[in-house]
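# Results of the structural survey
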Amino acid sequence: MTTPLPTARPPPMGRARPNPHPRENVLSSSPTEARTAGAVRTLLPRRISPSAIAAYRECPRRVWFSHVAKVPRREDPSPLLVIGNAVHAALEKFFGLRPAERGSGDEMLHRCLRAVWPESRKADSFATRDEERDYGQQALELLSTFRATFDTTLVPLTRERWVSTRLENGVELFGKVDRVDGRLAPADEPIDVVDYKTGRWQLDATDLPDEPAVQGYLLAAEAQYRRPVRAVRYLYLATGSESRWEPEREDVEAARESLLTVTWAMYRDQDFTPRPGAHCGRCPFAQHCPDAGRVEVADLHVRDDIAF
């Protein structure tokens, strides 16, 4: 049974305006307020994560499924998800230890993983105990690569903390930062925002400034800690490599403008027009969406040597 989709309708009078200013408040709480402000009533919640912004840029209909219709996500058992959750939890525990207790080898990191493994898995995450052992070994190897490549002696300012910030148009962004590095004093000391990545897909450092997650965590961390961000660091445990961005102050303002522009469009959107593509294959709502994998006539290439 498919979930009914919103029907397209012509925009009401006053909905579309030339040269929209992304800073005007897009969160109207009632139809009366919306008409008075010359806006449309938003269908989205007041608070969203950077991942929702990334999803909207890829396909607006996906955001409609998750945030408007609230269709349950298809959550298939995933050993890779268990690895990701367990490795993040293990690193949180490890950096919570005093540096002298961490040791110089892999033993303590591996102990942290084994301590958090049971709470990271589900009953049906693995088909057999042998499969679980294989994936557990992969997780241990990720942590060994981490220790061999990155500094394991530092004391983070915070670990696995929620941060949030409110944009000038009223939209609140929130998310959890894996690690924030910086000295306790002085209070205006710059900080580093660190994100662990356990998969093999990597972003180049030049791509970081355009990533909604990077932009959102940059602004939220500066708002939460009241300190400038010196660097945003993506640490890739599978390869022991790093993508790093050291934003200047004009870069911070550019990130703010980018998020203002896209959230202004998101919160005024009433139709959430689908944008099918290769991403449909990994969309958790594909089974509900008649536009998933849509075929275009231009995609039907007929060769000249066909016999009929």
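Quick look at the structure, then. (Residues numbered from 1 in each chain as written. Predicted model: local features only at pLDDT ≥ 70, side-chain atom pairs only at ≥ 80, totals over all residues. Heavy atoms only, no water.)

### A word on the overall build of the protein
A count of helices and strands for the protein gives eight helices and six strands. Counting from the amino terminus, helix and strand elements in the protein follow one another as α-β-α-α-α-α-α-β-β-β-α-β-β-α. Counting over 308 residues, the protein shows a buried share of 42%. When contacts within the protein are restricted to residue pairs at least 6 apart in sequence, long-range pairs at least 24 apart make up 71% of them. (Helix = DSSP H or I, 4+ residues; strand = E, 2+ residues; numbered from the N terminus. Buried < 20%, exposed > 50% of the residue type's maximum accessible area, 1.4 Å probe, protein only. Contact = heavy atoms within 4.5 Å.)

### Section: the packing of aromatic side chains
By the definition in use, this model includes 11 aromatic pairs. Judged by centre distance (5.4 Å) and plane angle (85 degrees), the ring pair of phenylalanine 94 and phenylalanine 95 falls under edge-to-face. Taking relative accessible area as the criterion, phenylalanine 94 reaches 2% and is therefore assigned buried. Of the residues examined, phenylalanine 95 reaches a relative accessible area of 3% and is grouped as buried. Summarising the aromatic geometry, the rings of phenylalanine 146 and phenylalanine 150 are spaced 5.3 Å apart at their centres and angled 45 degrees between planes, so their arrangement reads as tilted. Side by side, phenylalanine 146 and phenylalanine 150 carry an identical accessibility label, which is buried. Members of the aromatic cluster, joined through ring pairs, are Phe94, Phe95, Phe146, Phe150 and Tyr196. Here arginine 61 stacks its cationic end above the ring of tryptophan 64, 6.0 Å away from the centre of that ring. Over the aromatic face of phenylalanine 94 sits the side chain of arginine 102, whose NZ or CZ is 5.6 Å from the ring centroid. (Phe/Tyr/Trp six-rings, centres within 6.5 Å; stacked < 30°, edge-to-face > 60°. Lys NZ or Arg CZ within 6 Å of the ring centre and 35° of its normal.)

### Some thoughts on the environment of arginine 121
Following the sequence through the fold, arginine 121 ends up in the loop between α5 (107–120) and α6 (129–149). Excluding its chain neighbours within four sequence positions, the residues that come into contact with arginine 121 are Val82, Phe126 and Glu132. Within the structure, arginine 121 has its side chain in polar contact with the side chain of glutamate 132 (distance 2.3 Å). (Polar contact = N/O pair within 3.5 Å; in protein donor to acceptor, adjacent residues only side chain to side chain.)

### Quick look at the pairing of strand β4 (residues 191–197)
The buried fraction of β4 amounts to six of the seven residues, a majority that puts the element mostly inside the structure. This β-α-β element, β4 to helix α7 (residues 212–225) to strand β5 (residues 229–236), shows right-handed connectivity. (Right-handed = clockwise from strand over helix to strand, strands pointing away.)

### A word on the pairing of strand β2 (residues 158–166)
As defined by bridge partners, β2 adjoins strand β3 (residues 172–181) across eight bridges and the pair is classed as antiparallel. Across the sheet, the residue bridging to valine 163 is glycine 175, located in β3. In this antiparallel pair of consecutive strands, β2 and β3, the connection spans five residues, and glycine 170 shows a positive phi of 95 degrees. (Pairing = 2+ DSSP bridges.)

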